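# Architecture and fold: a report
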Amino acid sequence: MVLHHKEFTNAGKTAGLQIWRIENLELVPVPENFCGIFYTGDAYVILYTVNQKTSFFYHLHYWLGKECSQDESAAAAIFTVQLDDSGGEPVQHRELQGVETTAFASYFKGGITYKTGGVASGFHHVVTNDLSAKRLLHIKGRRVVRATQVPLSWTSFNSGDCFIVDLGGKIYQWCGSKCNKFERLKAAQVARGIRDNERNARAKLVVVEEGSERSALTNNSQIMIRECDNDTEADVFNRKIAKLYMSSVENRTMYNMVDDGSGHTQIWRVESSGRVPVDPKGYGQFYGGGGGDCYIILYTYGKRQIIYTWQGARCSLDELTASAFLTVELDRSLGGHAVQVRVCQDKEPPHLLSLFKSKPLIVYKSGTSRLRGQTPPPPTRLFQVRRNLGTITRIAEVDARASSLNSNDAFLLKMADGRGYLWMGKGASEEEEKGADYMSKELNCSSKHVMEENEPDDFWAALGGKTEYLTSARLDSQTITHHPRLFGCSNKTGRFIIEEVPAEFTQDDLAEDDVMLLDMWDQVFTWIGMDANEVERTESVKSAKRYIETPVVVVKQGHEPPTFTGWFLAWDPSHWDSVTRSMKSMRL
């Protein structure tokens, strides 16, 4: 007889991630905004569901913290077996803290955070927005970032890594003098996650460089990082700091939303005057380029509510700040029980995409949806259409030039005279063609269908002339066994290592101080970051040639050819500048 737990009813019904924690030997769902946070004294069950056209495929994991009890460990294993037996044929994985599999780590692009304590150790949950938190997180790793809670003591720091001093109302990102850019970027992502998910954007982020601690933390009564004159004074100081140490644990109110996006959706645009309602006709259309917007999306399903804050890639710091306060204000008006999720452009979760029903997600390259003050759109525009999940597609405006084309996708070209072409790459799907048709109607563009290699002269003239673009066949993740893979090559640890980037990669995974290998099975690209050292530059090429016999193409940061950039959706040549500006905005 197969036992059936009540939590199994909605398990695996939609694509995506579901997590449960073992509490008093029971399964309790983990809120969506706490995914990636694990307590060292607990055990968890994790289900990852993949949509394979007409069916689902499952990966089932149970995760054990270093301090979890034998009872919790056994309960997690038992529930995993029961969930397996309840339906489907999932692949099962046993995960141990600190040595998780690549597949498991791939689910958490923002990194994995380990927190001290757990249910069995007697720690009690506190509400979200706790501004009295006092803890120290050690940020370690490059491809798979782990944030581990360590004693709140000066002795926990080292110059080679980044740390987060979480004081509730203020979150300090401390950067060691020998840390690298990639560690800085990942530490910033973890710090923003704490601010947005645990503090509902009420905390202030500050970047502190090693050596500037005195000025950064002056007059802070909660903690003072400083250099002591002698060992005796340091010991006394650290004992005082240890007394301030406590674990911050998650909201007791658990949240379980597994649905198809059929609930009620409301969207507002963030403006200086507050939240301005967006016309429902424009739902799913966002502006993310220069001068782009921020949006607040409220989704209601019965008594459950979730608030998404969507932030354009280049929206201003003022808009980011305003969106944080407006989100908190909206949550309070709803009773303070809504789950809050911050979403960055191009990182939209599957559930958010499902809210727009049959409409694809559209991201315009520049401009704003405001009624006044818009920047006039360019006369010639190009939109890339790519299937994301089943029949759900994303449409992204890209540079109107031939190198932006991709044989695997559909594109809509709107020309200056109002005419248009719906260009079908050889590998484009029916869903992508429908998405391009939809975009044509949105722009009131009379479009003519044209197949790749049958383009008229005025098509290429509108794009500035025919040039090279990606023509390699994209590997369909739903039908093939070999997928594109991205690897990082680094000697930052003292020895040269090659480490795979988990899951679907993005432009953010290209570390500027490393060499990256993009393995397409029939071709391998060696991408050289501008800050990569000589050992990484030479050893990466040697390593690539040692274990593969396919052609190796070397490209340098800032000079990537279309055959490389085409594997990344809506490649942005100015991406590196925007990352640098973002980091500078947080620095003292």
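What comes next is a walk through the structure.

Criteria and cut-off values
- Residues numbered from 1 in each chain as written.
- Predicted model: local features only at pLDDT ≥ 70, side-chain atom pairs only at ≥ 80, totals over all residues.
- Heavy atoms only, no water.
- Helix = DSSP H or I, 4+ residues; strand = E, 2+ residues; numbered from the N terminus.
- Buried < 20%, exposed > 50% of the residue type's maximum accessible area, 1.4 Å probe, protein only.
- Pairing = 2+ DSSP bridges.
- Axes fitted to C-alpha atoms, helices over the stretch in contact; angles between N-to-C directions.
- Core = buried A, V, L, I, M, F, W, Y, C linked by side-chain atoms within 4.5 Å.
- Contact = heavy atoms within 4.5 Å.
- Phe/Tyr/Trp six-rings, centres within 6.5 Å; stacked < 30°, edge-to-face > 60°.

Here we take up the environment of Glu-329. Relative to the elements of secondary structure, Glu-329 occurs in helix H6 (residues 317-333). Classification of Glu-329 by relative accessible area gives partly exposed; the value is 47%. In the structure, Glu-329 is positioned 129 residues away from Asn-200 in sequence and 9.9 Å away in space, judged by C-alpha atoms.

Here we take up the sheet that holds strand S13 (residues 264-271). If you walk across this open sheet you meet the five strands as S14-S13-S16-S17-S18, and the pairing is mixed. The open sheet has two edge strands, strand S14 (274-277) and strand S18 (339-344), and neither has a second partner. Ignoring strand direction, the axes of neighbouring strands in this sheet form an average angle of 30°. Two strands pair when backbone bridges link them, and S13 and strand S16 (residues 294-301) are joined in this way by six bridges, in the antiparallel orientation. Bridging from a neighbouring strand, His-264 pairs with Thr-300 of S16.

It is worth spelling out the sheet that holds strand S9 (residues 146-150) at this point. Strand order in the open sheet formed by seven strands is S3-S7-S9-S8-S10-S11-S12, with mixed pairing between adjacent strands. The sheet is open, and its two edges are formed by strand S3 (37-39) and strand S12 (204-209), each paired on a single side. Within the sheet, the average angular offset between the axes of one strand and its neighbour, ignoring direction, is 25°. Pairing of strand S10 (residues 162-166) with strand S11 (residues 170-175) involves five bridges; the strand directions are antiparallel.

Counting 35 residues, the largest nonpolar core has Ile-297, Tyr-308, Trp-310, Leu-352, Phe-356 and Met-439 as the members making the most contacts within it. For this core, the leading source of residues is strand S19 (residues 361-364), giving four residues. If we skip the residues at most four places from it in the chain, Tyr-308 touches Glu-32, Tyr-295, Ile-296, Ile-297, Val-341, Val-343, Pro-349, His-351, Leu-352 and Leu-355. Counting residues in hydrophobic clusters, the runner-up holds 17 residues, among them Phe-8, Leu-27, Leu-47 and Leu-60.

Now for the packing of aromatic side chains. This structure, assessed with the given rule, holds 29 aromatic pairs. Ring centres 4.9 Å apart and planes at 80° place the aromatic pair Phe-157 and Trp-174 in the edge-to-face group. In this pair, Phe-157 is assigned in the loop between S9 and S10 and Trp-174 in strand S11, connecting sequence segments 17 residues apart. For Phe-157, a relative accessible area of 13% gives the class buried.

Position of Leu-382 among the secondary structure elements: in strand S20 (residues 381-389). The spatial distance from the C-alpha of Leu-382 to the C-alpha of Ala-462 is 10.0 Å, given a sequence separation of 80 residues.

Our next topic: the pairing of strand S1 (residues 16-23). Along S1, seven of the eight residues are buried, which leaves the element largely enclosed by surrounding structure. Inspection of the sheet shows S1 paired to strand S2 (residues 26-29) by four bridges, in the antiparallel sense. By the bridge assignment for S2, Arg-21 is matched with Val-28. The antiparallel pairing of S1 with S2 creates a hairpin that spans two residues between the two strands, and Asn-24 there sits at a positive phi of about 55°.

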